[in-house]
Amino acid sequence: VVKGSVDFLGFLYVLGTIKVGVTIGKYVPQALLNKSRQSTVGWNVLNVILDLTGGVLSLIQLVGDCASMGDWSGLFGNPTKLFLSMITIFFDLVFLIQHYFLYADKDSYSQLPLEAQQQPSIEVKC
C-alpha cells in the first residue's frame, strides 16, 4: 500500500465528516425556526420531499450493494453515506410532520405572529 494513498483516503474521510456536520448544521436551525414560529411558511415542501427521496434512495443503494455482495460490513464501510442518508431521512420526516400535522393550520404568512412577519430591512446609504 502506498503511503500517499492512505493519507488521501483519510483526507476523504475527514471531508465526509465535515459534510455530515454541515448537513446537521443545515437542518437543525430550520427545525428550530419552524418550532419557534409554529409555522413552516416560507419554504417549499416539494424540496423536502425530493430531499427525502434522495436520502431513501441512497440508503436503498447502500443496502442493495451490501445484499448483492453478501457482505454487510459495507453498510458501515461508508459511514458518510450511511449517516447522511439517515440524518436526511430523519430531518425530512420532522419537516413533513411539522408541515402537514403540527403547523398545518398556519398556511398563511398573515397568520404568523407580528415579529415573525417582519422582514429585515436593508438600508442603502449613498
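Our subject is the structure listed above.
Residues numbered from 1 in each chain as written. Predicted model: local features only at pLDDT ≥ 70, side-chain atom pairs only at ≥ 80, totals over all residues. Heavy atoms only, no water.

A. Examining the overall build of the protein chain more closely. A tally of regular secondary structure across the protein chain gives five helices and zero strands. Per-residue burial over the protein chain gives 26% buried out of 126 residues. The long-range fraction of contacts in the protein chain, counting pairs at least 24 apart against all pairs at least 6 apart in sequence, stands at 73%. (Helix = DSSP H or I, 4+ residues; strand = E, 2+ residues; numbered from the N terminus. Buried < 20%, exposed > 50% of the residue type's maximum accessible area, 1.4 Å probe, protein only. Contact = heavy atoms within 4.5 Å.)

B. Layout of the packing of aromatic side chains. Taken as a whole and judged by the stated rule, the model has six aromatic pairs. Measuring from centroid to centroid gives 5.3 Å for tyrosine 27 and phenylalanine 91, while their planes differ by 15 degrees, and the two rings are stacked. Taken as a pair, tyrosine 27 in helix H1 (residues 3–37) and phenylalanine 91 in helix H4 (residues 79–102) lie far apart in primary sequence, 64 residues in all. In this structure, tyrosine 27 and phenylalanine 91 share a single accessibility class: buried. (Phe/Tyr/Trp six-rings, centres within 6.5 Å; stacked < 30°, edge-to-face > 60°.)

C. Representation of helix H2 (residues 45–69) in the model. For H2, built from 25 residues, the straight-helix expectation of 36 Å at 1.5 Å per residue is met to within 8% by its first-to-last C-alpha distance of 36 Å. Taking the backbone nitrogen of leucine 46 as reference, a side-chain oxygen 2.9 Å away marks asparagine 44 as the first, capping residue of H2. Just downstream of H2, glycine 70 is the residue with a positive phi angle, here 70 degrees. (Expected span 1.5 Å × (residues − 1). Polar contact = N/O pair within 3.5 Å; in protein donor to acceptor, adjacent residues only side chain to side chain.)

D. Spatial organisation of the nonpolar core. Core analysis: the largest hydrophobic core is formed by 13 residues, its most contacted members being Tyr27, Trp43, Val48, Ile87, Phe91, Phe95 and Leu96. Elements that contribute at least two residues to this core include exactly H1, H2 and H4. If you tally residues by element for this core, the top one is H4, at six residues. Other than its neighbours up to four places away in sequence, isoleucine 87 contacts Val20, Thr23, Ile24 and Tyr27. (Core = buried A, V, L, I, M, F, W, Y, C linked by side-chain atoms within 4.5 Å.)

E. Just H4, in detail. The terminal C-alpha atoms of H4, which comprises 24 residues, lie 32 Å apart, in line with the 34 Å expected from a rise of 1.5 Å per residue. Of all the residues in H4, the buried ones are Thr80, Leu82, Leu84, Ser85, Ile87, Thr88, Ile89, Phe91, Asp92, Phe95, Leu96 and Gln98.

So, to be careful, I would describe these as geometric facts and stop short of saying anything about function.
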